[in-house]
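Observations on the model geometry
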Amino acid sequence: MGMNMRAVVQRSSDESRQLRQQAGQWLRSLREERRLTQRDLAEKVGLRYYTFISQIESGQGRIPPEQYESWAVALNVDPREFVRTLMMYYDPHTYRLLFPEDPL
């Protein structure tokens, strides 16, 4: 990998990490607004370990797509809006293509 390509990959990786952290902050705020503990949310979405919630909220992980709907229901958020917001963080390039009128 050439030097320029390495810099692009690093910048992309840094941006992805920052966006995951922002997504985690958004998810934490939704959970806290609903007065749910991490353990409560884990139970509602069918997770065995609440530490997974902590990892997602700290930006160390992402919600798997097959769990989007259960998270939306558990957090009492419209599933389409939930996924749209997650896409803004998890896949900003696709988000900009699908919603060009929506400034990031």
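This text goes with the structure placed above it.
Scope of this entry: the structure provided in the associated data block. (Residues numbered from 1 in each chain as written. Predicted model: local features only at pLDDT ≥ 70, side-chain atom pairs only at ≥ 80, totals over all residues. Heavy atoms only, no water.)

1. Here we look at the overall build of the protein
Threshold: By the criteria applied, helices consist of DSSP H or I runs no shorter than four residues and strands consist of E runs no shorter than two, each listed in order from the N terminus. Buried, partly exposed and exposed residues are distinguished by accessible area as a fraction of the type maximum, computed with a 1.4 Å probe on protein chains only: under 20%, between the cut-offs, and over 50%, respectively. Accessible areas in this description were obtained via Shrake-Rupley with a 1.4 Å probe; residue shielding takes into account the shown protein chains only.
Each helix and strand counted, the protein has six helices and zero strands in total. Starting at the N terminus, the α and β elements of the protein follow one another as α-α-α-α-α-α. Residue burial in the protein is summarised as follows: out of 104 residues, 34% are buried. Surface exposure of the protein reaches about 7100 Å², of which carbon and sulfur atoms provide 49%.

2. Quick notes on the nonpolar core
The condition that has to hold: Residues belong to a common nonpolar core when they are buried Ala, Val, Leu, Ile, Met, Phe, Trp, Tyr or Cys residues joined through side-chain atoms within 4.5 Å. Contact between two residues is taken to exist if any of their heavy atoms lie within 4.5 Å; hydrogens are not considered.
Among the nonpolar cores identified, the biggest contains 23 residues, and L27, I63, W71, L75, F82 and Y90 are the most heavily contacted of them. Where this core is concerned, the elements lending two or more residues are α1 (3-33), α2 (38-45), α3 (51-57), α4 (68-74) and α5 (79-90). When residues in this core are grouped by element, the largest group, five residues, is from α1. If we ignore the near neighbours within four places in the chain, the residues touching Y90 are R20, A23, L27, I56, G61, R62, I63 and Y68.

3. What about the environment of E69?
Along the chain, the position of E69 falls in helix α4. Accessibility expressed as a relative area gives 56% for E69, which makes it exposed.

4. Considerations on the pattern of salt bridges
Let me state the cut-off plainly: Salt bridge, as applied in this entry: a Lys or Arg side-chain nitrogen positioned within 4 Å of an Asp or Glu carboxyl oxygen.
Taken as a whole and judged by the stated rule, the model has five salt bridges. With a shortest N-O distance of 3.1 Å, D14 and R17 are connected by a salt bridge. Here R17 and D14 lie together in helix α1, a separation of three residues that amounts to about one turn. Taking relative accessible area as the criterion, D14 reaches 31% and is therefore assigned partly exposed. Judged by its relative accessible area of 36%, R17 falls in the partly exposed class. For R84, the salt bridge goes to E101, with nearest N and O atoms at 3.9 Å.

5. Notes on the environment of E57
Structurally, E57 can be placed in helix α3. Using a relative accessible area of 3% as the deciding quantity, one classes E57 as buried. Among residues more than four places away in sequence, those in contact with E57 are Q21, G24, Q25, L27, R28, R31 and Q38.

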